Amino acid sequence: MNKRERMECFLAREAYTDGIPAAFFQHFDASKRHGDAAMQAQLDFFHDTDMDMMKIMFDDIYPKFSVEKPEDWRRVPDFAADDPVFTQQIELAERLVKAVGKEAGVYQTIFSPFVSAGCAVSPIPVWDSVVTPHFLADPEAMTAGLTKIAKTLAAFAQNIAKTGIDGFYVSLQGGEYSRYSPAFFDEWFKPLDVMLLQALKDTGKRVILHICGVNMRLENYYDYPGDVVNMASVDNHIALEEARRVFGRPVMGGIPNHGVIVEGTREEVEAQVRDAMNIDTRGIMLGADCTIPKEVSRRRLRWAVDAAHAMRTGG
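Positions within a chain are numbered from 1, following the residues in the order the chain's sequence is written. Per-residue local features are limited, in this predicted model, to residues with pLDDT of at least 70; the limit for side-chain atom pairs, both in listing and counting, is 80 or more; totals at the level of whole chains, interfaces and linings are taken over all residues. The basis for every side-chain value is the complete set of heavy atoms in the structure, and neither hydrogens nor water enter the calculation.

Trainee: Any chance you could explain the overall build of the chain here in plain terms?
Mentor: Numbered from the N terminus, helices here are DSSP runs of H or I no shorter than four residues, and strands are runs of E no shorter than two. If you tally the helices and strands in the chain, you get eleven helices and eight strands. For the chain, the spread of C-alpha atoms along the principal axes amounts to about 55 × 40 × 35 Å. Accessibility here uses a 1.4 Å probe with only protein chains present; expressed as a share of the type maximum, an area under 20% marks a residue as buried, one over 50% as exposed, and anything in between as partly exposed. Taking all 315 residues of the chain together, the buried fraction comes to 58%. Surface accessibility follows the Shrake-Rupley procedure with a 1.4 Å probe radius. Residue values consider only the protein chains on display as shielding. Total accessible area on the chain stands at roughly 12600 Å², and carbon and sulfur atoms take up 50% of it. Of note, the chain has its 35 positive side-chain charges centred 3 Å away from the centre of its 45 negative side-chain charges. Residues scored as positive are Lys and Arg, those scored as negative are Asp and Glu, and His as well as the terminal groups of each chain are ignored. A charged residue contributes its charge at one atom only: NZ of Lys, CZ of Arg, CG of Asp or CD of Glu.

Trainee: Quick question: what am I supposed to make of the sheet that holds strand β1 (residues 22-23) here?
Mentor: Strand pairing in a sheet relies on backbone hydrogen bonds. The paired strands run either parallel or antiparallel. Each pair of strands is called paired provided DSSP finds at least two bridges between the two strands. The parallel open sheet is built from eight strands, whose spatial order is β1-β8-β7-β6-β5-β4-β3-β2. Bordering the open sheet on either side are β1 and β2 (53-56), each of which pairs with just one other strand. Bridge analysis of β1 against strand β8 (residues 284-288) gives two bridges, and the strand direction is parallel. What sits directly across from Ala22, in β8, is Leu286. On the sheet, helix α8 (residues 240-247) packs against β5 (206-211), β6 (228-231), β7 (251-255) and β8 and is oriented at approximately 160° with respect to β7. We call two residues in contact whenever any of their non-hydrogen atoms come within 4.5 Å of each other. Axis angles are defined between N-to-C directions and span 0 to 180 degrees, where every axis is a line fitted to C-alpha atoms and, for a helix, only to the segment in contact.

Trainee: Help me understand the pattern of salt bridges in this model?
Mentor: When the charged atoms of two side chains lie near each other, side chains of opposite charge can form a pair. Salt bridge, as applied in this entry: a Lys or Arg side-chain nitrogen positioned within 4 Å of an Asp or Glu carboxyl oxygen. On inspection of all chains with the given rule, the structure shows 22 salt bridges. A salt bridge links Asp52 to Arg6, with the nearest nitrogen and oxygen atoms 2.8 Å apart. Of the two residues, Asp52 is situated in the loop between α2 (35-49) and β2 and Arg6 in helix α1 (residues 3-12); the sequence distance between them amounts to 46 residues. By relative accessible area, Asp52 is classed as buried at 0%. Ionic pairing is found between Lys294 and Asp29, a salt bridge with its closest N-O pair at 3.1 Å. In this pair, Lys294 is assigned in the loop between β8 and α11 (298-309) and Asp29 in the loop between β1 and α2, connecting sequence segments 265 residues apart.

Trainee: Quick question: what am I supposed to make of the packing of helix α6 (residues 139-161) against helix α7 (residues 182-201) here?
Mentor: In a packed pair of helices, the relevant descriptors are the angle between the two axes and the axis-to-axis distance. Interaxial distance between α6 and α7 falls to 8 Å at its minimum, and their mutual angle equals 15°. Considering the angle they form, α6 stands roughly parallel to α7. When the axes of α6 and α7 are compared, the crossing they make is right-handed. In this structure, α6 uses Pro139, Glu140, Thr143, Leu146, Thr147, Ala150, Leu153, Ala154, Ala157 and Gln158 to contact α7, whose residues at the interface are Phe184, Trp188, Leu192, Met195, Leu196, Ala199 and Leu200. Note that the term roughly parallel is reserved for angles under 35 degrees, roughly antiparallel for angles over 145, roughly perpendicular for angles of 65 to 115, and oblique for everything else. Should the near helix be turned anticlockwise from the far one by less than a right angle, the crossing is termed left-handed; should it be turned clockwise, right-handed.

Trainee: What should I look at first to understand unusual backbone geometry in this one?
Mentor: Backbone geometry follows two general trends: most residues other than glycine have a negative phi, and most peptide bonds adopt the trans configuration. Phi at Arg13 is positive, roughly 60°, even though this residue is not glycine. Position of Arg13 among the secondary structure elements: in the loop between α1 and β1. Arg13 gets classed as partly exposed once you look at its relative accessible area, which sits at 37%.

Trainee: What am I meant to see in the packing of aromatic side chains here?
Mentor: Given two aromatic rings, one states the distance between the centres and the angle between the planes to describe the pair. Ring geometry is summarised as follows: Phe, Tyr and Trp rings, the Trp one being its six-membered ring, pair when their centres sit within 6.5 Å, and such pairs are stacked at plane angles under 30 degrees, edge-to-face over 60 and tilted between the two. Scanning the entire structure with this criterion turns up 21 aromatic pairs. Look at Phe114 and Trp127: their rings are 5.6 Å apart centre to centre, the planes differ by 85°, and that puts the pair in the edge-to-face class. Residue Phe114 is located in helix α4 (residues 113-121), and its partner Trp127 is located in the loop between α4 and α5 (128-137); the two are separated by 13 residues in the primary sequence. Accessibility classification places Phe114 together with Trp127 in one group, the buried group. For the pair Phe135 and Phe189, a centre-to-centre distance of 6.1 Å together with 35° between the ring planes defines the contact as tilted. Here the residue Phe135 occupies a position in helix α5, and Phe189 occupies one in helix α7, the gap between them amounting to 54 residues. For the pair formed by Phe135 and Phe189, the shared burial category is buried.

In structure tokens, the structure reads:
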């Protein structure tokens with residue numbers, strides 16, 4: 001069973017006959033985001049970990065612009081399709097599809113309009129320091145800006161879909177208990193996420209939802225458009241089998257991005273994988289709750305992937 005066959009079993013919720021699929025992700029240094037350096041970094045990571053899909057990291061996220069007050073979101077700049085933030089990603093996707101597309105599915109990372117906006121106007125470590133209070137202060141102005149961003153990302157998705165990628169891996173944040181009330185989320189926040197997700201679905205490609213964060217109000221996302229859900233199952237205190245049930249689709253996760261995978265022995269990593277996958281794994285894929293810190297050796301990720309591949313059945 002090759003990587004594509006494992007993934008098809010996962011998506012169809014069928015029993016695995018030759019290993020459980022697995023994938024882990026890391027961010028790359030800024031020097032490895034474009035051109036040949038990005039190409040080599042992606043390929044090296046894919047082959048060194050032996051994971052069953054390729055997720056193209058997209059750490060430029062969105063073109064930079066500035067805002068000072070909530071009203072400024074009504075005047076978010078237009079960014080053309082030929083902006084380098086987008087064209088460099090399309091070129092990278094074309095090359096990676098040619099390099100590994102027959103072997104494994106290739107998925108482009110895209111961030112939600114809210115996260116894209118935050119990273120466009122703030123340093124990434126504090127990406128939400130501006131957008132969170134601005135949204136509360138003037139949701140109508142913020143909606144105007146986020147709608148423009150969603151439409152720009154949708155156009156980018158249409159263009160990058162032509163490269164032959166298999167789908168999109170969409171990073172979603174904002175549904176934490178501490179950020180917005182359920183009523184605010186449903187009225188103002190959710191429609192913008194759904195707008196982009198539906199546009200991604202309209203490309204005909206698969207959509208993996210990455211619900212990024214802990215203390216998340218997961219029920220906010222039960223009906224989001226998408227084919228697969230990846231979330232912090234351990235730190236959000238939801239079993240993978242329960243997540244599969246409530247989301248009604250395949251799920252990916254089971255391993256926290258801290259603890260054993262970062263500092264445990266090989267035997268401890270392998271035992272953690274076996275414990276996580278000691279369930280009915282039809283429609284379940286091994287993965288991390290979020291990206292693994294980039295300083296962690298990919299050798300550790302290979303231990304986890306190898307352990308999943310050694311589990312010969314899943315149902």
